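# An overview of the molecular structure
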Amino acid sequence: MRLQLESIRKVYDGKVAVDDLSLEVLEGVIYGIIGPNGAGKTTTIRMIMNITIPDSGQILIDDAPLSQDFKNRVGYLPEERGLYKKMTLVEVVQYMAEMKGKSPHYVRDHIDYWLELMNLQEYKSRKVEELSKGMQQKLQFITTILHEPDLIILDELFSGLDPLNIELIKNVILDLKRDGKTILFSTHVMEQAEKLCDYICMISSGRKVIDGKLSEVKAKFGKNSVQIDMDGNGAFVSSLPGVRNVTEFNNYVELDMDEGANVSEILKTVANRVKVRRFEIVEPSLYDIFIDVARIDPSEYNRAEEGEAHV
Amino acid sequence: MSKFWVIFKREYAQVVKKKSFIVGIVLTPLLMIGFSVIPAWLASKKASDTEPLAVIDRSGYDSGLKFSQSLERYKLDDDSTAYYDVRGIFDIDDSESERYQIVYDSLVQCINDQQLKYFVVIGPDAQLVDTASFMVTNSDNFRANRRFGDCLSEILSAIRLQESKVNLGVDSVLSLTRQIDLAQKDAKGDSIPFEIKYFSAIIFIGIMFGMIFGYGQLVMRSVIEEKNSRIMEVLISSVSPFQLMLGKVIGLGAATFTQVSIWVILGAGLYSMKGSFDIDSSIDRILFNPVIAAFFVFFMMSGYLLFSTLFALIGSIVNSEKEAQNFVMPITMIMILPFMLGIYIIQNPNSTASTVLSLIPFLTPTMMMMRVIFVAPTLTEYSLFSGIIGEATLGLVLVCLSVLGMIWITSKVFRVGILMYGKRPTLPEILKWVRY
């Protein structure tokens, strides 16, 4: 399923939540929407889900406008979690799947596989309120994907999960991707997006700052620097062609390179003269890129995240 | 399967599968019977202890003694022991005001010490001054007051009779002036006694009130639960808000219908044992009246739809049940109005005030139903376009139109309200959503 947003704009009470946002999510990829809290991620997702309607612009699924049929083909895990507390696990899963147009028969055939996978089988007939928070999260994840949606939208998926469960769910997502499902993933934790996504779109204050393939984004915004960890005297590196500046650290040196400098030549030269233990072209983190490109003061980003913790 | 039915099924099962549903079905009629029967039973219960009293007679006609003899007609449960035990009769002349005060004070003391239950003062010139006599007691007992009044009236009448020199025996004059019970029949031939009408109305309206109010609030709670637990966002990504609202309202409506149906069956069983209760057979004219039955079903359904959509609207704009109570309060007032006005309506079922009130949509289901029961029409008596049936039909049409309007407004507010957290919207904001 291919998803396209064309110049989406949404204004709430005079405040622009999303402004002129265009993006394209190809079939079978993991696409990350990243940005600080309040950037417009959830609003964007709500518009894709047809929960709120954009003031202008349009949303296309496989080149066609949103239709009723789309609701059955999408799985949505909202940022704010919740399930019916008084219903049993089986009842909840059954209900949510039927709401997506699946038959009770279908649910019976598939529920055990997922409960098993998520280590919830023994709680099958318990009420939701008896589960721990982490278990409820996993249960909600099951309800999001049990009906085999073509597009899966996960808003802040990992918040509140322990590392073991994060690993578990990450593997499920990678499996889903291999099955050709399209996954739209939103987070304010850049490291998560960095590990999981094929494509990313950074938004800040409702506007797109940058988007594209993760590797390309990183290459494009690379600082163009090299870290070398070596035995022997490395003082000569500062005089190599293309090296603009050298910073010495305790265990390694970092070279800032000129634009278009030949990195392989440098490796060859260095390797000929000393023993190289590590040679690494340093990729900037998404966080660095974001701070750089969105021209945000890092303290402001942190404040935004802290703010979220209190909401 | 259509998603409406998925929601319908869940809402229905959530209520009907609960133990409280069964308990409610059994307990509610028991409570209703309890509330109506126990007070009546208590009131009719005879006392088992003789009640002590004293009399101060200032009339000078031996009225105290006669009063005491007159009271002997009242017996306790065993029909042999006297109900009242006159412990003392104080004949005090009009002029002895000092002695009267001493006796009066000591009798008051006796009452406070619970040695006496009452004392009666027959005043000077009691036969001439109706207000001269009175009784003193700490227990408000209507029966004693009525009995003492009756006895004293007879004695004073006899005194007046003697004074007037009419040559007739006291007993014959009293028998000439006795009171009768005026029976009442209506123009249709036989009559339905007031009590039967009133209690039928209370039961019919009570069921209606309980069902509309109880299940209407369940609709509200269900919306609040989904809002609070944030399931709403997932639901709305699967179905339209309108489908969700309708599934809830109609699913819980079906639960209401189930409960009333079970009561009707239980009631039919109880009715078959009618012989063992002392119930006037005229109740058949209400229970088996097709007009009443039809309007009960119609008003129940339309009333439920009207109020439950209103409750759904409230559920969508509030954040907690506590907040919702502010809105539930005025609805309760509207719904209990027919109970408060019941006595007026039963006396004037066709007055302009009754007619106008019963045509206000939110009052119609209960108020109009009450009038239909009081008039207890038959199909041959009125056409669909005149009389009480005509008015009730008009009321029903108005309620149905209001239901459509209510659904329209609620669906507009609902779709915005259910995704709003935190601040409760103001009225202007809600109006904006309606036009949106």
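Conventions we followed
- Sequence order as written defines the numbering, with residues in each chain counted from 1.
- Whichever chain is written first is A, and whichever ligand is written first is 1; the rest continue in order.
- Residue-level local features of this predicted model are given only where pLDDT is at least 70; pairs of side-chain atoms are given and counted only at 80 or more, and the full residue set underlies all totals for whole chains, interfaces and linings.
- As a convention, hydrogens and water are excluded, and side-chain values are obtained from all of the structure's heavy atoms.
- Distance thresholds for patches are 9 Å for like charges and 5 Å for nonpolar side chains (Val, Leu, Ile, Met, Phe, Trp, Tyr), applied to residues having over 30% relative accessible area and no salt bridge.
- Calculation of accessible area relied on Shrake-Rupley with a 1.4 Å probe; when residues are assessed, cover is drawn exclusively from the protein chains displayed.
- The salt bridge criterion pairs a side-chain nitrogen of Lys or Arg with a carboxyl oxygen of Asp or Glu, the two atoms within 4 Å.
- Relative accessibility thresholds used throughout: buried, under 20% of the residue-type maximum; exposed, over 50%; partly exposed, between the two (1.4 Å probe, protein chains only).
- Helix and strand assignments follow DSSP, with helices taken as H or I runs no shorter than four residues and strands as E runs no shorter than two, numbered in order from the N terminus.
- Residue contacts are defined here by distance: any two heavy atoms, one from each residue, within 4.5 Å place the two residues in contact.
- Two parts placed together each lose some accessible area under a 1.4 Å probe, and the buried area is that loss summed for both.
- One number per residue, pLDDT, summarises how confident the predictor is, and it ranges from 0 to 100.
- Throughout, the edges of the domains are those of an automatic or database domain assignment.
- Note on pairing: DSSP must find at least two bridges between two strands before they are called paired.
- An axis is simply a line fitted to the C-alpha atoms; with a helix, the fit covers only the stretch in contact. Between two such axes, the angle follows the N-to-C directions and lies from 0 to 180 degrees.
- Pairs were defined over the aromatic rings of Phe, Tyr and Trp, the Trp ring being its six-membered one, requiring ring centres within 6.5 Å. Orientation was assigned from the angle between planes: stacked under 30 degrees, edge-to-face over 60, tilted for the rest.
- Placement of a positive charge over a ring is assigned whenever Lys NZ or Arg CZ falls within 6 Å of the ring centre and within 35 degrees of the normal to the ring plane.
- Relative orientations are named as follows: roughly parallel for angles under 35 degrees, roughly antiparallel for angles over 145 degrees, roughly perpendicular for angles from 65 to 115 degrees, and oblique for any other angle.
- Each crossing gets its hand from how the near helix is turned against the far one by less than a right angle, where anticlockwise is left-handed and clockwise is right-handed.
- Just so you know the grouping, Ala, Val, Leu, Ile, Met, Phe, Trp, Tyr, Cys and Pro go in nonpolar, Asp, Glu, Lys and Arg go in charged, and all remaining residues, Gly too, go in polar.

## Side note on a nonpolar patch on the surface
A grouping of Ile 22, Val 23, Val 26, Leu 27, Leu 30, Leu 31 and Phe 35 of chain B is seen on the molecular surface, where their side chains present a nonpolar patch of about 700 Å² in accessible area. By relative accessible area, Phe 35 of chain B is classed as exposed at 65%.

## Describing the side chain of Glu 11 of chain B
All names here are of chain B. If you trace the backbone, Glu 11 turns up in helix α1 (residues 3–16). Note on Glu 11: relative accessible area 3%, which makes it buried. Other than its neighbours up to four places away in sequence, Glu 11 contacts Ser 222, Glu 226, Gly 247, Lys 248, Gly 251 and Leu 252.

## Notes on the pattern of salt bridges
Pairs may arise between side chains of opposite charge once their charged atoms sit close together. Residues and elements named next belong to chain A. Summed over the entire model, instances satisfying the criterion amount to 36 salt bridges over all chains. Residue Lys 208 pairs with Asp 211 through a salt bridge whose shortest N-O separation is 3.3 Å. Look at Asp 211 and you get partly exposed, because its relative accessible area is 32%. One salt bridge connects Arg 277 with Asp 229, and the closest N-O pair in it is separated by 3.6 Å. Of the two residues, Arg 277 is situated in strand β14 (residues 275–282) and Asp 229 in strand β11 (residues 225–231); the sequence distance between them amounts to 48 residues. What makes Asp 229 buried here is its relative accessible area of 15%. Via salt bridges that share partners, Asp 62, Asp 69, Arg 73, Asp 150 and Lys 181 belong to a single interconnected network.

## Structural notes on the interface of chain A and chain B
Taken together, the contact between chain A and chain B spans 25 residues of the former and 26 residues of the latter. Approximately 2400 Å² of surface area, both sides summed, lies buried where chain A meets chain B, with 54% of it carried by carbon and sulfur atoms. Considering only the side of chain A, the residues that lose the most area to chain B are Ile 51, Tyr 84 and Met 99 of chain A, jointly responsible for 26% of the buried surface there. Summed over the shared surface of chain A and chain B, the number is four salt bridges.

## A word on the confidence of the model for chain A
Residue and element names in this part refer to chain A. In this model, chain A carries a mean pLDDT of 85, and residues with pLDDT of at least 70 account for 94%. The least confident element of chain A, judged by mean pLDDT, is helix α11 (residues 298–310) at 47; the most confident is helix α3 (residues 89–99) at 94. Low pLDDT, under 50, characterises residues 303–311; the stretch is placed with six contacts to residues that sit more than four places away or in other chains.

## Section: the domain arrangement of chain B
Along its sequence, chain B is carved into domain 1 (2–40 + 191–435) and domain 2 (50–176). The centre of domain 1 of chain B, based on its C-alpha atoms, is set 54 Å off from the matching centre of domain 2 of chain B.

## Re the sheet that holds β11 of chain A
Residue and element names in this part refer to chain A. Strands sit in the order β12-β13-β11-β14 across an open sheet of four strands; the sheet is antiparallel. With one partner strand each, in any of the chains shown, β12 (243–248) and β14 form the two edges of the open sheet. This sheet shows a mean twist of 20° between the axes of neighbouring strands, independent of strand direction. Strands in contact with helix α9 (residues 263–273) are β11, β12, β13 (253–257) and β14; relative to β14, the strand with the most contacts, it is inclined by about 165°.

## Considering the packing of aromatic side chains
Overall, the coordinates contain 24 aromatic pairs over all chains when judged by the stated rule. For the ring pair Trp 5 of chain B and Phe 8 of chain B, a centre distance of 4.8 Å and an interplane angle of 65° mean the geometry is edge-to-face. Highlighted residues: Trp 5 of chain B and Phe 8 of chain B, both in helix α1, separated by three residues, approximately one helical turn. Ring centres of Tyr 104 of chain B and Phe 119 of chain B lie 5.3 Å apart, and the angle between their planes is 85°; on these two criteria the pair is classed as edge-to-face. On the criterion of sequence distance, the pair formed by Tyr 104 of chain B in helix α4 (residues 97–112) and Phe 119 of chain B in strand β3 (residues 118–122) is long-range, its members being 15 residues apart. Between the NZ or CZ atom of Lys 102 of chain A and the centre of the ring of Tyr 106 of chain A, over which it lies, the distance is 4.5 Å. A cation sits over an aromatic face here: Arg 10 of chain B above Tyr 84 of chain A, 3.6 Å from the ring centre.

## Observations concerning the environment of Thr 44 of chain A
Residue and element names in this part refer to chain A. Note on placement: Thr 44 falls in helix α1 (residues 41–48). Judged by relative accessible area, which is 0%, Thr 44 ranks as buried. When the C-alpha positions of Thr 44 and Leu 21 are compared, they lie 8.7 Å apart, and in sequence the two are 23 residues distant. Not counting residues up to four positions away in its chain, the partners in contact with Thr 44 are Leu 5, Val 18, Leu 21, Ile 33 and Ile 203.

## Considering the packing of α1 of chain B against helix α9 (residues 241–272) of chain B
Residue and element names in this part refer to chain B. At a minimum axis separation of 8 Å, α1 and α9 run at an interaxial angle of 40°. In terms of their interaxial angle, α1 and α9 are classed as oblique. In the packing of α1 onto α9, the handedness of the crossing is right-handed. Across from Lys 3, Phe 4, Ile 7, Phe 8, Glu 11, Tyr 12, Val 15 and Val 16 in α1, the residues of α9 making contact are Gln 243, Leu 244, Leu 246, Gly 247, Lys 248, Ile 250, Gly 251, Leu 252, Ala 254, Ala 255 and Thr 258. In terms of residue class, the contact of α1 with α9 is built from twelve nonpolar, four polar and three charged.

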